[in-house]
Amino acid sequence: MSERRRCTILSPTAILGYGFPEESFKRGLKMRPDVIAVDGGSTDPGPYYLGAGKPFTNREGVKRDLKFMIAAGLDLQIPVIVGTAGGSGAKAHVDWALDIVREISEELGKSFSVGVIYADIPKELVKKKFVEKKIEALAGVPNLTFEMIEGSTNIVAQMGYEPMIDALDKGCDVVLAGRAYDPACFAAVPIRMGFDPGLAMHAGKILECAAIASSPGSGSDSVIGIIEADHFSLMTLNEERRFTKESTCAHTLYEKSDPYHLPGPGGMINLDEVAFTEFPETVEVSGSKFIPSDPYTVKLEAATCVGFRTISIAATHDPIMMGQIDSIIEEVKNRVSKLIPDIFDKVKIHIHEYGKNGVMGPWEPEQSVGGHELVLLIDVLGPDQKTADSVCSLLRSSLLHFGYDGRVSTAGNLAFPFSPSDISVGEVYEFSLYHIMELDESEITGLFPVKEVQI
Amino acid sequence: MRVRLIDVAKVIRSKNAGPFELTLDIILKDEEIFQKIKEARIITPELISHMYHTSIDDILGIIYFDPAYAVKITLKRRIPSGSFGETDIYGAQQHAPLAAMEFELRV
C-alpha cells in the first residue's frame, strides 16, 4: 500500500482550452494537489481533426488554460499532465501543443522539462499485426483491410497510464501525451504512488469531464478528486455546483455502451460492485476494480480522406413547394445528372432538409413537413474541390429556378442568406480505423517512447 | 395506466459511444418507477428497432443501471460519425422518439 494516505488530483476543465474560473483553479491549488491533469481531446467532433492533423480547440484558449496550469505546477513542484494533446493526439497535434508550451515558457521566463509521448503507430506495424491476426474490429466497425490501413492519414493508439509513469520517472515537469485513454492522465500519478488502479482509473473516468459530472454541470470549471486506500472522493471548487450521488451516477452512463464494464488499454474498469455515497461536500465512490486483460490491448484510431465538400444553404417559405419537396429534389438531381453526366457519377449528393428530417434523417419518426419554412442544405462530396464546386453550383441554380407543378412564385424558389451562396469546405474525412490491437509486453511502453525536451 | 416516458423520466438523451455506436440514456425519476419499468420489460430491442426504423440486429444492448435508476440502450449508428450523409456528429439529438414514447404500466 501507499506510503501516502491520499493522492489529490486537480482537473481544471473538461477539455484543455474550454477554460475555467481562476478562483476555482486557485481554490484547487490550496488543496495541495499531487498532480494537475487535463484531457486534451476526443473523437467526438468527428473524423476531420484526426485525419487532417488539425486541432479542434482554439489556440488562445489552450494557451490560457495551460499557462495557469504550468505556472502552478512549477510553483508547487507537481507534474502537469495533458492527455490527447492537441485534440486528436497525432504527432501534428502534440507538436502544436508543444509549440504553445514553448511560448508559455518564454512568457513565464522559466525553463523546464517536457516529456513528449507520441501515440502514432507506423502503418508497417499495423499491417504486421493485421497479418498476425492481432487486430479485431469493435462492435459496429467494419473488418480491417490493407486498403483501410494504407488509406489512413494518421494512425494513433490510445496509450494507457504506463508511458506517462515513464515520463514521471524521468522527472519531467510537464507531460504532453498524444492519443491516450481519457482516464490515463489522471490515474498515472496515483497508480505510481501505489494506489489501487481500479479506484484511480474510475476517478480518472469522472475527472476527465471535470465539472460536467457535477450539478449543475459545466464544461468549464475545475474539480478535485482524492484517491485514498479503499475509495475516492470528488468535490467541486465552485460554490455554485457540487457533486451529488445522482450527478456522479448519471455521468457514469455518459458516452459509453455498458456502464458496468469500461474497457481500455490493458484491461477493464469493472463497476459491478460500485457504491456511491453522498456527503454534504463530496461524493465517495468505492468498489471500482481494474481487471487487467491478457493480452494487453489498445484501441487504434484513424481517418481517411474521402474527397472535397462544397455546400450551399438556402430556404423556402412557399407551401406549394414544401408540399412536394422530395419530388422536386429528385427531379432537380435528375436534370443535373443529364447536364453533366461525366462528372455526376463521381460525386455524392446529400440535401439536408431542416424543418423535415434534417436532424434524424431516415430515423425521423415524423415524415411530414410541419412548419412554414424549410431550410435546404446542399452537400456535395467530390473527388476534388472543382468537381464538388461545379455540381453544387448547378444543383443550387437548378433548384432556384425549377418549374414545379402549381408554381406561383415564378421569380425564384429559394431565399439565400449569403453571397457567395456556395462554400468550398475543403477536405472531407471518414473514420477508417477503430480497432483493438494486441500488444506484446515490451510494446506497452515501447510503442509510446518518452522524448525529453528541455525548454 | 397509460404513462408518458417524459413524465416519469428526468433525463432522456442520446450521445455517441465512440464513432460507431449511439447510446440512449433514460434516467427515471425514482426507484419505484425504475423497478416497474424494468420488471415489466417495457424497453425491448423490438420496440427500439421499430421506433428508430432500424434492424433489430443493430440494437447492441439494453442495460439497466440500478445505481442511477437508468436504462441504457445502445444502437449501431446509422453511419459512422461524420461520414457523408451525417446529420448529427455528436449524436446528441437522436432522443426525440423516446421523448414521445407512451406505454401501458400496471400500477
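In this text, all values refer to a predicted model and were calculated from it rather than measured experimentally.

## Side note on the nonpolar core
Residues and elements named next belong to chain A.
Argument step 1. By size, the foremost hydrophobic cluster in this structure holds 76 residues, and its most contacted members are Ile81, Ile117, Ile121, Met164, Leu300 and Met437.
Argument step 2. If one sorts the elements of this core by residue count, helix α8 (residues 184–193) sits on top with 7 residues.
Argument step 3. Among all residues touching Ile117, those that are not within four sequence positions of it are Met159, Pro163, Met164, Ala167, Val175, Leu176, Ala177, Gly178, Phe448, Pro449 and Val450.
Argument step 4. Counting 36 residues, the second-largest nonpolar core is a separate cluster that includes Leu10, Phe25, Met69 and Leu176.

## Points about the interface of chain A and chain B
Much of the literature gives interface size as the accessible area that the parts lose upon coming together.
Argument step 1. With 43 residues of chain A at the interface, the matching set in chain B holds 44 residues.
Argument step 2. Across the chain A/chain B interface, buried area totals approximately 3,700 Å², and carbon plus sulfur atoms make up 66% of it.
Argument step 3. Applying the counting criterion to the chain A and chain B interface returns 2 salt bridges.
Argument step 4. The element that contributes the greatest number of residues to the side of chain A that touches chain B is helix α10 (residues 245–253) of chain A, accounting for 6 residues.

## Regarding the packing of aromatic side chains
What describes a pair of aromatic rings is the distance from one ring centre to the other and the angle between the planes of the rings.
Residue and element names in this part refer to chain A.
Argument step 1. Per the counting criterion, the structure on display carries 12 aromatic pairs over all chains.
Argument step 2. Among the aromatic residues, those joined into a cluster by ring pairs are Tyr48, Tyr49, Phe56 and Tyr429.
Argument step 3. Here the basic side chain of Arg64 rests over the ring of Phe20, its NZ or CZ set 4.7 Å away from the ring centre.

## Details of helix α3 (residues 59–76) of chain A
In an α-helix, one turn spans 3.6 residues; hence positions three or four apart end up facing the same way.
Residues and elements named next belong to chain A.
Argument step 1. Between its first and last C-alpha atoms α3 spans 25 Å; for 18 residues at 1.5 Å apiece the expected length is 26 Å, and the two agree.
Argument step 2. Buried within α3 are the following residues: Gly61, Val62, Lys63, Asp65, Leu66, Met69, Ile70, Ala72, Gly73 and Leu74.
Argument step 3. Residues of α3 that are buried sit in contact with α1 (22–30), β2 (35–39), β3 (80–83), α4 (91–108) and β7 (174–177).
Argument step 4. Looking at where α3 begins, the residue whose side-chain oxygen comes 2.9 Å from the main-chain nitrogen of Glu60 is Asn58.

## What to know about the sheet that holds strand β2 (residues 9–16) of chain B
Residue and element names in this part refer to chain B.
Argument step 1. Strand order in the open sheet formed by 4 strands is β2-β3-β5-β4, and the pairing between neighbours is antiparallel. In this open sheet, the two edge strands, each paired with only one partner strand, are β2 and β4 (59–65). Looking at each pair of strands side by side, their axes are set apart by 10° on average, direction ignored.
Argument step 2. Alignment of strand β3 (residues 21–28) against strand β5 (residues 70–76), held across 7 bridges, turns out to be antiparallel.

## Section: unusual backbone geometry
Argument step 1. Omega for the bond connecting Asp294 of chain A with Pro295 of chain A falls within 30 degrees of zero, at 5°, which places this linkage in the cis form.
Argument step 2. Along the chain, the position of Pro295 of chain A falls in the loop between β14 (289–292) and β15 (296–316).
Argument step 3. Cis geometry marks the peptide bond from Ser419 of chain A to Pro420 of chain A; its omega dihedral reads 0°.
Argument step 4. Take Pro420 of chain A: it is sitting in the loop between α14 (385–401) and β18 (422–439).
Argument step 5. With a phi angle near 50°, Arg32 of chain A is a residue other than glycine that sits in the positive phi range.
Argument step 6. Within the fold, Arg32 of chain A resides in the loop between α1 and β2.
Argument step 7. Unlike most non-glycine residues, Tyr69 of chain B shows phi in positive territory, near 50°.
Argument step 8. With respect to the secondary-structure elements, Tyr69 of chain B resides in the loop between β4 and β5.

## Examining the domain arrangement of chain A
Residue and element names in this part refer to chain A.
Argument step 1. Under the domain assignment, chain A is made up of domain 1 (7–120 + 155–295 + 440–454) and domain 2 (304–432).
Argument step 2. In this structure, domain 1 and domain 2 have C-alpha centres spaced 42 Å apart.
Argument step 3. Listed per partner, the contact involves 6 residues of domain 1 and 4 residues of domain 2.
Argument step 4. Regarding the contact of domain 1 and domain 2, the summed buried area is about 480 Å², with carbon and sulfur atoms giving 80% of it.
Argument step 5. Per-residue buried area on domain 1 facing domain 2 is highest for Pro47, Tyr48 and Gly51; these three make up 70% of the total on that side.

## Description of empty space enclosed by the protein
Argument step 1. Scanning the entire structure with this criterion turns up 3 cavities of 30 Å³ or more.
Argument step 2. By volume, the largest cavity amounts to about 90 Å³.
Argument step 3. Residue composition of the lining of the largest cavity, by class: 4 nonpolar, 3 polar and 4 charged.
Argument step 4. Taken as a whole, the second largest cavity spans an internal volume of roughly 60 Å³.
Argument step 5. Broken down by class, the residue content of the lining of the second largest cavity amounts to 5 nonpolar, 6 polar and 2 charged.

## Re helix α9 (residues 197–207) of chain A
Residue and element names in this part refer to chain A.
Argument step 1. Within α9, 10 of the 11 residues are buried, leaving the element largely enclosed by the surrounding structure.
Argument step 2. Taken residue by residue, α9 has Gly198, Leu199, Ala200, Met201, His202, Ala203, Gly204, Lys205, Ile206 and Leu207 as its buried positions.
Argument step 3. Between the side-chain oxygen at the start of α9 and the backbone nitrogen of Gly198 there is a gap of 3.1 Å, and the oxygen is on Asp196.

## Overview of the layout of surface pockets
Argument step 1. Space inside the second largest pocket adds up to approximately 470 Å³.
Argument step 2. What lines the second largest pocket is a set of 22 residues, and nearest its centre among them are Arg309, Val425 and Val428 of chain A together with Gly82 and Ile89 of chain B.
Argument step 3. Residue assignment for the lining of the second largest pocket shows that the elements contributing at least two residues are α2 (48–52), β15, β16 (348–354), β17 (374–382) and β18 of chain A.
Argument step 4. Element by element, the count of residues in the lining of the second largest pocket is highest for β18 of chain A, at 4 residues.
Argument step 5. Summarising the domain contributions, the lining of the second largest pocket has at least three residues from each of domain 1 (7–120 + 155–295 + 440–454) and domain 2 (304–432) of chain A.

## Digging into the side chain of Asn16 of chain B
All names here are of chain B.
Argument step 1. The residue Asn16 is located in strand β2 in this model.
Argument step 2. For Asn16, the side chain forms a polar contact with the side chain of Arg77, separated by 3.0 Å.
Argument step 3. There is a polar contact of 2.7 Å between the side chain of Asn16 and the backbone oxygen of Ile89.

## Description of a nonpolar patch on the surface
Argument step 1. Together, Phe418, Ile423 and Val425 of chain A make up a nonpolar patch on the protein surface, roughly 250 Å² of accessible area in all.
Argument step 2. As for its position among the elements, Val425 of chain A is in strand β18.

## Here's the deal with the environment of Lys333 of chain A
All names here are of chain A.
Argument step 1. Within the fold, Lys333 resides in helix α12 (residues 325–339).
Argument step 2. Between the C-alpha atom of Lys333 and that of Val391, which follows or precedes it by 58 residues, the distance is 9.8 Å.
Argument step 3. Excluding anything up to four places from it in sequence, Lys333 contacts Phe344, Ile349 and Leu395.

## A look at the sheet that holds strand β9 (residues 232–236) of chain A
Residues and elements named next belong to chain A.
Argument step 1. Spatially, β12-β13-β9-β8-β1-β2-β3-β7-β4-β19 is the arrangement adopted by the 10 strands of the open sheet, whose pairing is mixed. Each of the sheet's edge strands pairs with one partner strand only, and the pair in question is β12 (275–278) and β19 (450–454). Neighbour to neighbour, the strand axes of the sheet diverge by 20° on average, direction disregarded.
Argument step 2. Along the sheet, α10 contacts β9, β12 and β13 (283–286); its crossing angle with β12, the most-contacted strand, is approximately 150°.

Rules behind the numbers
- Residues numbered from 1 in each chain as written.
- Chains lettered and ligands numbered in written order.
- Predicted model: local features only at pLDDT ≥ 70, side-chain atom pairs only at ≥ 80, totals over all residues.
- Heavy atoms only, no water.
- Core = buried A, V, L, I, M, F, W, Y, C linked by side-chain atoms within 4.5 Å.
- Buried < 20%, exposed > 50% of the residue type's maximum accessible area, 1.4 Å probe, protein only.
- Helix = DSSP H or I, 4+ residues; strand = E, 2+ residues; numbered from the N terminus.
- Contact = heavy atoms within 4.5 Å.
- Buried area = accessible area lost by both parts, 1.4 Å probe.
- Salt bridge = Lys/Arg side-chain N within 4 Å of Asp/Glu carboxyl O.
- Phe/Tyr/Trp six-rings, centres within 6.5 Å; stacked < 30°, edge-to-face > 60°.
- Lys NZ or Arg CZ within 6 Å of the ring centre and 35° of its normal.
- Expected span 1.5 Å × (residues − 1).
- Polar contact = N/O pair within 3.5 Å; in protein donor to acceptor, adjacent residues only side chain to side chain.
- Pairing = 2+ DSSP bridges.
- Axes fitted to C-alpha atoms, helices over the stretch in contact; angles between N-to-C directions.
- Domains from an automatic or database assignment.
- 1 Å grid on protein atoms, 1.4 Å probe; cavity = no way out; pocket = protein on both sides within 12 Å on 5 of 7 lines; lining within 4 Å.
- Points joined across faces, edges and corners; volume = space filled by probe spheres on them.
- Nonpolar A, V, L, I, M, F, W, Y, C, P; charged D, E, K, R; others polar.
- Patch = residues over 30% accessible without salt bridge, like charges linked within 9 Å, V, L, I, M, F, W, Y side chains within 5 Å.
- Areas by Shrake-Rupley, 256 points an atom, 1.4 Å probe, with all protein chains shown as cover.

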